Amino acid sequence: MQPIVTKELTKKFGTFIATNAITFEVKEGEIFGFLGANGAGKTTAMRMLCGLLRPSSGEAKVAGFDVYKQADRIKQNIGYMSQRFSLYEDLKVKENIRFYGGIYGLSNNTIKEKTKQLLQKLQMEAEADQLVSALPLGWKQKLAFSVAILHDPSIVFLDEPTGGVDPVTRRQFWDLIYEAAGRGVTVFVTTHYMDEAEYCDRISIMVDGRIQALDTPRQLKAQFQAESMDDVFLKLARGK
Amino acid sequence: MKTPIVVQDVHKSFGKVKALHDISFTVNEGELFGLIGPDGAGKSTLFRILTTLLLADKGQATVNGLDVVKDYKAIRKIVGYMPGRFSLYQDLTVQENLDFFATIFNTTVAANYELIEEIYVQIAPFKDRPAGKLSGGMKQKLALCCALVHKPVVLFLDEPTTGVDPVSRKEFWEMLQRLRKKGIAILVSTPYMDEAMLCDRVALIQNGSLLEIDTPQHIIAQNNKPMWAVRAKRMYPLIQDLRSFPETESCYAFGEYLHLTLKHGEADLDKLHAYLQPKGHEEFSMHPIQAGIEDCFMELMKSEKV
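Let me sum up the structure you'll find in this document. (Residues numbered from 1 in each chain as written. Chains lettered and ligands numbered in written order. Predicted model: local features only at pLDDT ≥ 70, side-chain atom pairs only at ≥ 80, totals over all residues.)

1. Description of the overall build of chain A
Helices and strands together make up the secondary structure of chain A, namely 9 helices and 10 strands. Relative to the globule expectation of 18 Å for 240 residues, the C-alpha radius of gyration of chain A, 18 Å, shows essentially globular dimensions. Projected onto its principal axes, the C-alpha coordinates of chain A cover approximately 50 × 40 × 30 Å. Looking at chain A residue by residue over its 240 residues, the buried ones come to 46%. Taking as baseline every contact in chain A between residues at least 6 positions apart, the subset at least 24 positions apart corresponds to 67%. (Helix = DSSP H or I, 4+ residues; strand = E, 2+ residues; numbered from the N terminus. Rg over C-alpha atoms; globule rule 2.2 N^0.38 Å. Buried ≥ 20, exposed ≤ 12 C-beta atoms within 10 Å, placed from the backbone. Contact = placed C-beta atoms within 7 Å.)

2. Focus on the nonpolar core
In terms of nonpolar packing, the biggest core is built from 156 residues, with V187 of chain A together with C145 and I186 of chain B touching the most fellow members. It is helix α5 (residues 136-148) of chain B that contributes the most residues to this core, 8 residues altogether. Taken domain by domain, this core gets at least three of its residues from each of domain 1 (5-215) and domain 2 (224-290) of chain B. With near-sequence residues (within four places) excluded, I186 of chain B lies in contact with L32, F33, L155, L157, L176, L179 and R180 of chain B. (Core = buried A, V, L, I, M, F, W, Y, C linked by C-beta atoms within 7 Å. Domains from an automatic or database assignment.)

3. Describing the packing of helix α3 (residues 94-104) of chain B against α5 of chain B
All names here are of chain B. In the contact formed by α3 and α5, the axes pass within 8 Å of each other and the chain directions differ by 25°. Accordingly, the angle class assigned to the pair α3 and α5 is roughly parallel. Between α3 and α5 lies a crossing whose hand is right-handed. On α5, the residues touching V94, N97, L98 and F101 of α3 are L142, C145 and C146. Of the residues belonging to the contact of α3 with α5, the class tally is 6 nonpolar, 1 polar and no charged. (Axes fitted to C-alpha atoms, helices over the stretch in contact; angles between N-to-C directions. Parallel < 35°, antiparallel > 145°, perpendicular 65-115°, else oblique. Left-handed = near helix turned anticlockwise from the far one by under 90°. Nonpolar A, V, L, I, M, F, W, Y, C, P; charged D, E, K, R; others polar.)

4. A look at the environment of A41 of chain B
All names here are of chain B. Checked against the element boundaries, A41 lands in the loop between β3 (32-36) and α1 (43-50). Placed 21 residues apart in sequence, A41 and L20 show a C-alpha to C-alpha distance of 8.3 Å. Look past the residues within four positions of A41 in its chain and what remains in contact with it is I205, Q206, N207 and G208.

5. A word on the sheet that holds strand β10 (residues 209-214) of chain B
All names here are of chain B. Here we have 6 strands laid out as an open sheet, ordered β6-β7-β8-β3-β9-β10, and mixed in their pairing. The sheet is open, and its two edges are formed by β6 (79-82) and β10, each paired on a single side. Across the sheet, the mean angle separating the axes of adjacent strands is 15° when strand polarity is ignored. In this structure, strand β7 (residues 154-158) lies alongside strand β8 (residues 185-190), joined through 5 bridges in parallel fashion. Bridging from a neighbouring strand, D158 pairs with S189 of β8. The strands touched by α1 within the sheet are β3, β7, β8 and β9 (201-206), with β7 carrying the most contacts at an inclination of about 150°. On the sheet, helix α6 (residues 166-181) packs against β3, β7 and β8 and is oriented at approximately 155° with respect to β8. (Pairing = 2+ DSSP bridges.)

Have a look at this one:
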């Protein structure tokens, strides 16, 4: 089963077409980079795929569920993390894990066990009772990512997970992504860092609501005769 | 001519947290000065002290010769400030926001139109749209216009391009270059290392301390450690193998390559090849490269942590 399949997926707001008939598939265990300029329609597309926004037309299945009829099943079966909002700063580390476990409907026993595993894996046992606001950013990120996949979803959506993060922490975060992908988790990620685009198996670039390019970073560079993904992006997004 | 920004031994703590520790630097006339560092490094605290919104615990600072404590009212009239968080009125239109900020400063958009023209023409098609409905790049252009509307002498831009796509970022920096040529001193912070290269000088800030102040070109030139770009068909196993190699000093992903430094530089190369040989990485390639600004910063950040 393909984790994401869309066909002519479209969203209109009044006369404005935010997402214009996008068709693509994401393969199992793939790191799929979803790129585009601000306002190109990425967020709208992502919201539809997460079951948060009803499309105007077209089809899409995520984790095998239909975005029109089974939006709730989608929400239960995906993970989601964004840089802007993921953890409650005024809750303790432990409380955040418990909260997300509860939201995803895990049993108390499972939550207990997962909390223990997770704290051990992140080497954060000593910080379990600290408020999230007191954690260094890198730790917050690791925790946010781990919490987003607490319920073992087959696919995780990462919306600009590394915005404003220092270069070392950014790379540590990608180690987590690689590791998750290595375990078979499909990763759908947006970023404005073009070097990160290179870490993806395949990337799509949206321009004005449409997917204008979709391929491996290597192929895209060859296709656009570009030195780097930055060049590819500039060539595509400028050609409005 | 007065020096646009002088900061001397500034300290600031919030409870136990040392937000700024012994910060000193100068921004010269017409200089585009970059403050480079991650979230939580203390950048915004420094901006707030210099824009007279926050008092330092210790130390002095002047903006265009005016003291940030005694002359705060005069400073507020001559600086433009773009805070990190989008701070325009979301429910006012583009035009209303501009008029609002112009009025606050007792001027009009028309009076200094020449300064904002290049930026304004890009947002003009959306002038009747509420600011909250603009895309990220457009919001930042509007915010820059609002910060320039009273023709400031010094411009403070706190992470103006965070979350902005590469095309808009490029356009934004082209505008900064033009403003600099008009003699406006600019202090700009960013988490993007590629933007550091576009500054006249940069200061790297981490955990409230400045690690280095220099031209980006000089920072790069100072780093003479041999570095290699390495790749293979499957990158993640390659990273893991390289990191487990005992003589590896650092190994980080950089776009399509890994950047590798070895403890004894070239002397370790034979050992490395012998180590990698049995691992059988397909399509393996390796070539020496010159470290870039991001490599240098990561190196500096690391030495600070130890």
